[in-house]
Each structure stands twice: as structure tokens, then as C-alpha cells.
Amino acid sequence: MADTLVVDIETQNFFTDPSVGRDNFAALKISIIGVYSYLQDKFFAFEENEVEKAAELFASADLIVGFSINRYDVPVLHHYFQKLPEGKKVDLWKKERLDILDEIELAVGHRVKLDSLAHVNLGTGKTGEGSHAIELYKNGEIEELKSYCLNDVLITRDLYNLGKQNNSLLVPQRGKEEIKKVNFNWQRRLFPI
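A brief structural summary. All values derive from a computational prediction rather than experimental measurement.

Examining the sheet that holds strand β5 (residues 96-99)
At step 1: Taken together, 5 strands build an open sheet; the order of strands is β3-β2-β1-β4-β5 and the sheet is mixed. Sheet topology places β3 (42-47) and β5 at the edges, where each strand pairs with a single neighbour. Between one strand axis and the next, the sheet turns through 25 degrees on average, direction left out of account.
At step 2: Looking at chain direction, strand β4 (residues 61-66) and β5 are connected through 4 bridges and run parallel. Residue pairing in the sheet places Gly66 in a bridge with Asp99 of β5.
At step 3: Docked against the sheet, helix α3 (residues 100-108) engages β4 and β5, running at close to 65 degrees with respect to β5.

Topic: the pattern of salt bridges
At step 1: Going through the model one piece at a time under the given rule, you end up with 11 salt bridges.
At step 2: Two residues, Asp91 and Lys94, come together in a salt bridge whose shortest N-O distance is 4.0 Å.
At step 3: For Lys94, a relative accessible area of 72% puts it in the exposed group.
At step 4: With a shortest N-O distance of 2.7 Å, Asp152 and Lys126 are connected by a salt bridge. Within this pair, whereas Asp152 is found in helix α6 (residues 142-166), its partner Lys126 is found in the loop between α4 (114-122) and α5 (130-138), the two being separated by 26 residues in sequence.
At step 5: Relative accessible area serves as the criterion here: at 3%, Asp152 is assigned to the buried category.
At step 6: On the basis of relative accessibility, which here comes to 21%, the residue Lys126 falls in the partly exposed class.
At step 7: Salt bridges sharing common partners tie together Glu47, Glu143 and Lys146.

Regarding the nonpolar core
At step 1: Counting residues in each nonpolar core, the largest one holds 27 residues, and the members touching the most others are Val7, Ile33, Val35, Phe58, Leu77, Phe81 and Leu92.
At step 2: Mapped onto this core, the elements with two or more residues apiece are β1 (3-11), β2 (30-37), β3, α1 (51-59), β4 and α2 (69-82).
At step 3: If one sorts the elements of this core by residue count, α2 sits on top with 7 residues.
At step 4: Those residues within four positions of Phe81 in sequence are excluded, and the remaining contacts are Val51, Ala54, Ala55, Phe58, Lys89, Val90 and Leu92.
At step 5: Within the second largest apolar cluster, 25 residues are counted, among which are Ile100, Leu101, Leu117 and Ala118.

About the cut-offs
- Residues numbered from 1 in each chain as written.
- Predicted model: local features only at pLDDT ≥ 70, side-chain atom pairs only at ≥ 80, totals over all residues.
- Heavy atoms only, no water.
- Pairing = 2+ DSSP bridges.
- Helix = DSSP H or I, 4+ residues; strand = E, 2+ residues; numbered from the N terminus.
- Axes fitted to C-alpha atoms, helices over the stretch in contact; angles between N-to-C directions.
- Contact = heavy atoms within 4.5 Å.
- Salt bridge = Lys/Arg side-chain N within 4 Å of Asp/Glu carboxyl O.
- Buried < 20%, exposed > 50% of the residue type's maximum accessible area, 1.4 Å probe, protein only.
- Core = buried A, V, L, I, M, F, W, Y, C linked by side-chain atoms within 4.5 Å.

All we've got here are geometric facts, nothing functional implied.
Shown next as C-alpha cells:
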């Protein structure tokens, strides 16, 4: 049976690092891959040395859900998955993807932060920033890093569920106090809530 996965990754470095360079996804190194599986109703946190186990989970997915995954998570993961031995590679670009940020940007013409979206829709927020995740990794605080990453996965899953249930999300408008109800048709996606 096919699975729907919600994903968020954290990296050991970022494009702002002099050794990386802008849009050089091949130079980014994964620290944590956070995943929620609808089929198993379970959260997973894979470290860089567990990429092959993560790829097995992604191989069974028909739909990958995330926040800004088309611009960050999928390119980084795809690079890693293509370095695996033959028979274990996974082409994430051939998987159906629902990028919540892309859907919002298409609907309202601007981007919004995951934290802002979570606050207006779920009454909760992120537990830190991406730059903080890099510091956690550098300090060897791997359990805290996993917790941070999986909290983002939880928020993204809950936003996806809410968007499917209500066919809409509330979206804060950039530079304004206004919050706009934005309609989506995510029911067409493969996995039911």
C-alpha cells in the first residue's frame, strides 16, 4: 500500500557558508531527516548515516508533503538518494509532492513563514529557527535537533490535515495585520485523512 509522507530536513550547513555557495545543493550535508508516515501513523528521525533507511521509506510514498520542500528538502534529499547503490536510489522528482508554501504563494502572491502560518491556524508555533538547528548539530545536541525537526514535521502535518479538512487555511498578509482565508483543493491528493 502506498504511503503519504510529511517531511522536513535539517542540514549541517547552509548556502550562506563560504564553502557552500548559493543554490549548491550538492554541498549541503544532512543532519536530520524528519518524517511522518500516514500509513504507519509514526514519526521518524534519520541521521545522515541512516539515509538508506530513509530512502526505503520514501520509495513506498505516493505523495510527499512539506513546507518549502520543492526549494530545499527535495533537492537535498534527491542528491543523497541518487548516490545510493543501484536498486536503492529514489527519484523524488517523480513523486507527487504537495508543497504548502508553493500552494500559498500561488494563491496569494507572496511567501509566509511556517511559524506565522502555524500561529494563525493551530495556535502554536515553531520551537526555533533553521540557523539554530545548525548550532544544535555543531554542539552535538542531536536529540534536541531531532525534537526541533520533528516539531516542524508535526506542524506541517497538522496544517496539511487542517487544509484538507476545511479546504482552506488562514494566511497572514505580508506587512499587514490582515489574515486572509485561502481556499485549497487538497482532497484530490492521494491519502485520506
